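What follows is each chain in one-letter form.
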Amino acid sequence: MTSRERLLTAYRCEQPDGLPIMIRGVRCWDEQWVATRHPSYKPVIDVVAEYGDYQLGWGPGSGVLLSGTSEAWYSTETIPGDDWNDVIRTLHTPAGELTARYKSSNRGLPGLEVEHFVKSLDDIECIASIPYEPLQVDASGFFKLEESIGERGVVMCSIANPLYTFAMLMGSELLAIWSIEQRDMINEWIAILTERTCDILEQEIAAGVGPVFSMLGEEYITPPLHSAVDFREFCVEPEKQITRRIHDAGCILHTHCHGPLDGILEGFIELGSDVLHPVEAPPLGNVTIYDAKRRLAGHICIEGNIQIGDIYAAPTGQIVDQVKYNIDVAAPGGGYVLAPTASPYTEVLTDQTVNNYVAMVETAAQYGR
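What counts and how
- Every residue gets a number counted from 1 within its own chain, in the order that chain's sequence is written.
- Where local features are concerned, this predicted model is filtered to residues with pLDDT of at least 70; where side-chain atom pairs are given and counted, the filter is 80 or more; whole-chain, interface and lining totals use all residues.
- In computing side-chain properties, one takes all heavy atoms of the structure into account and sets aside hydrogens as well as water.
- The rule for pairing is simple: two strands pair if DSSP sees at least two bridges between them.
- Working definition: helices are DSSP H or I runs of at least four residues, strands are E runs of at least two. Numbering for both runs from the N terminus.
- Between the N-to-C directions of two axes lies an angle of 0 to 180 degrees, each axis being a line fitted to C-alpha atoms and, for a helix, fitted only over the stretch in contact.
- Contact between two residues is taken to exist if any of their heavy atoms lie within 4.5 Å; hydrogens are not considered.
- Angular relationships are summarised with four words: roughly parallel below 35 degrees, roughly antiparallel beyond 145, roughly perpendicular across 65 to 115, and oblique for the angles in between.
- For this scheme, ten residues count as nonpolar: Ala, Val, Leu, Ile, Met, Phe, Trp, Tyr, Cys and Pro. Four count as charged, namely Asp, Glu, Lys and Arg, and the remainder, Gly too, count as polar.
- For this document, the term salt bridge refers to a Lys or Arg side-chain nitrogen within 4 Å of an Asp or Glu carboxyl oxygen.
- For every residue, the accessible area obtained with a 1.4 Å probe (protein chains only) is divided by the maximum for its type, and the residue is called buried under 20%, exposed over 50%, and partly exposed between those limits.
- Centres within 6.5 Å make a pair out of two Phe, Tyr or Trp rings, where for Trp the six-membered ring is used; the pair is then stacked when the planes are under 30 degrees apart, edge-to-face when over 60, and tilted otherwise.
- Criterion for a charge above a ring: Lys NZ or Arg CZ within 6 Å of the ring centre, and within 35 degrees of the ring normal.
- Buried Ala, Val, Leu, Ile, Met, Phe, Trp, Tyr and Cys residues form a nonpolar core when they are joined through side-chain atoms within 4.5 Å.
- As used in this structure description, the phrase polar contact means that two N or O atoms lie within 3.5 Å; if the pair is within protein, one of them must be able to donate a hydrogen and the other to accept it, and residues adjacent in sequence are counted only when both atoms belong to side chains.
- Note that the arc is computed from the directions linking the helix axis to the C-beta atoms.

### Structural notes on the sheet that holds strand β7 (residues 212-216)
- Reading across from one edge, β1-β6-β7-β8-β9-β10-β11 is the order of the seven strands in this open sheet, with parallel pairing throughout. The two strands at the open ends of the sheet, each matched to only one other strand, are β1 (54-58) and β11 (336-340). In this sheet, neighbouring strand axes are inclined to one another by 25° on average, regardless of whether the strands run parallel or antiparallel.
- Sheet topology places β7 next to strand β8 (residues 252-257); five bridges connect them, and they run parallel. Looking at β8, one finds that Leu-216 is bridged to His-256.
- Across the sheet, helix α1 (residues 3-11) touches β1, β6 (153-158), β7, β8, β9 (275-278), β10 (301-306) and β11, and the angle it forms with β6 is around 55°.
- Helix α8 (residues 183-207) rests against β1, β6 and β7 of the sheet, and its axis sits at about 160° to β7.

Printed below as a string of structure tokens:
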């Protein structure tokens, strides 16, 4: 099998000819990304290029709140700093301006949201004033990526999780408060954004995009900040409308969701996920790979669950043992892709981290045959 065939076979919960290996965040195919990495990344890039199966992402853009209107737009001002830049974003709407602030790193570290656009119900009125005009999808970028990657992997088309689109306006804290105080309003916006997402999705399917669509954002509404009832109401029920269209087109939904999923795991089956990443074991999650395989086998392909923290700090022997155990438990019968739970997140990789990445990939390649 080619890498593409191997991944798609596993995504369909079938048995490929060998273990698919997806090393999240190591973009071997991206010449600019490779050229801007610290030299410590080279052994990791080399081993992933030799044994890994590539997973690329593409999206059509989201306009302003999934609208193609020209009556609302973003502007950005960056105030440079030594280690951190202060990025001020302004959302211009017919009813007024909203401001958000973001810290971006000059050393390749993850950024930090300092202030969100929506801080009060008055700000929601500004959001509501944005006219809706369907986005016009240009899928040429998707096909260029597919052509460039060939059989070396898959290109996933990102689609907007309606709850995520709304939550990004205000952040998790205010969303949690409003999930109690303004529940009807949240549901109204999820319904609006679900319809807009379906408009975009139908254009993509008509253009021939697929077969893998990706969605993230469910982690905004998972325990412990939210209940299983919240997850069903805000994610499972509305997303069924989206996944129904994906499956009717013979396509696959890949879902990315961190956190403790034990109380809601079967909800991903119901909403229509075909692949779930990263399915985290304790202590960061609460579902072991054994339990996940027992509950998801035949329904959802597990993509994971080697913790990124262990890759950075655990003894290399522990990583090797974990890889072998995961393969023994999750690979038989198909429906498993070995992957880290997250991307490498530091500018420089220590020798320990490099050794662990290399051991993880080489063990998976040899043991996963």
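Back to the write-up after that little detour.
### Let's talk about the side chain of Ser-3
- By the secondary structure assignment, Ser-3 is in helix α1.
- Excluding residues within four positions of it along the chain, Ser-3 makes contact with Gly-52, Asp-53, Glu-151, Arg-152 and Gly-153.

### Description of the packing of helix α3 (residues 42-51) against helix α14 (residues 351-367)
- Between α3 and α14, the shortest axis-to-axis distance is 9 Å and the interhelical angle comes to 10°. Taken together, the axes of α3 and α14 lie roughly parallel to each other. Contacts between α3 and α14 involve Pro-43, Val-44, Val-47, Val-48 and Tyr-51 on the former and, on the latter, Val-354, Tyr-357, Val-358, Val-361, Glu-362 and Ala-365.
- Looking at side-chain class alone, the contact of α3 with α14 contains 10 nonpolar, no polar and one charged residues.

### Details of the pattern of salt bridges
- Considering all chains together, one arrives at 20 salt bridges under this definition.
- Asp-83 is the salt-bridge partner of Arg-107, the closest N and O atoms lying 3.7 Å from each other. Taken together, the positions of Arg-107 in the loop between β4 (96-105) and β5 (112-115) and Asp-83 in the loop between β2 (73-79) and β3 (84-93) put the pair 24 residues apart, joining distant regions of the chain.
- The class of Arg-107 is partly exposed, set by a relative accessible area of 38%.
- Assessed through its relative accessible area of 38%, Asp-83 is described here as partly exposed.

### Side note on the packing of aromatic side chains
- In total, this model carries nine aromatic pairs according to the counting rule given.
- When the centroid spacing of 5.7 Å and the interplanar angle of 70° are considered together, the rings of Trp-58 and Phe-142 count as edge-to-face. Taken together, the residues Trp-58 in strand β1 and Phe-142 in helix α5 (residues 140-149) connect sequence positions 84 residues apart. Side by side, Trp-58 and Phe-142 carry an identical accessibility label, which is buried.
- Considering the side-chain rings of Tyr-74 and Phe-117, the 5.9 Å spacing of their centres and the 40° angle between planes classify their relative orientation as tilted. Taken together, the residues Tyr-74 in strand β2 and Phe-117 in the loop between β5 and α4 (121-128) connect sequence positions 43 residues apart.
- Linked through ring pairs, Trp-58, Phe-142 and Phe-143 together constitute an aromatic cluster.
- Stacked on the ring of Tyr-54, the Lys or Arg Arg-152 has its end atom at 4.2 Å from the ring centre.

### Section: the nonpolar core
- With 99 residues, the main nonpolar core has Val-48, Ile-127, Phe-166, Leu-175, Phe-268, Leu-276 and Met-360 as its most contacted residues.
- When residues of this core are assigned to their parent elements, the largest contribution, eight residues, is made by α8.
- By size, the runner-up hydrophobic cluster in this structure holds 14 residues, among which are Leu-8, Ile-252, Cys-301 and Ala-339.

### Description of the pairing of β11
- β11 sits mainly inside the fold: five of its five residues count as buried.
- Side-chain alternation along β11 places Tyr-336, Leu-338 and Pro-340 on one buried face and Val-337 and Ala-339 on a second face that is also buried.
- The sheet contact formed by β10 and β11 spans five bridges and is parallel. Looking across to β11, one finds that Glu-303 is bridged to Val-337.

### Digging into helix α11 (residues 289-296)
- Taking burial as the measure, the eight residues of α11 include six buried ones, the bulk of the element.
- Among all positions of α11, only Ile-289, Asp-291, Ala-292, Lys-293, Arg-295 and Leu-296 are buried.
- Looking at the buried side of α11, the elements it contacts are α10 (265-271), β9, β10, α13 (316-330) and β11.
- After α11 finishes, the residue Gly-298 shows a positive phi value of roughly 85°.

### Things to note about the side chain of Asn-356
- Checked against the element boundaries, Asn-356 lands in helix α14.
- The class of Asn-356 is buried, set by a relative accessible area of 0%.
- Of note is the side chain of Asn-356, whose polar atom sits 2.8 Å from the backbone oxygen of Ala-314.
- For Asn-356, the contacting residues outside a window of four places in its chain are Asp-310, Ile-311, Ala-313, Ala-314, Pro-315, Thr-316 and Ile-319.

### Remarks on α4
- For α4, the complete set of buried residues consists of Asp-123, Ile-124, Cys-126 and Ile-127. Viewed along the axis of α4, the buried residues span an arc of 150°, placing them on a single side of the element. Counted as exposed and oriented over 90 degrees from the buried face of α4: Asp-122 and Glu-125.

### Overview of the sheet that holds β3
- The strand order β2-β3-β4-β5 describes an open sheet built from four strands, whose pairing is antiparallel. The open sheet terminates on both sides in strands that have one partner only, identified here as β2 and β5. Across this sheet, the average inter-strand angle for adjacent strands is 25°, counted without regard to direction.
- Direction of pairing for β3 relative to β4: antiparallel, over a ladder of 10 bridges. Opposite His-92, over in β4, you have Glu-97 as the bridge partner.
- Here α4 sits on the sheet in contact with β3 and β4, set at roughly 100° to β4.

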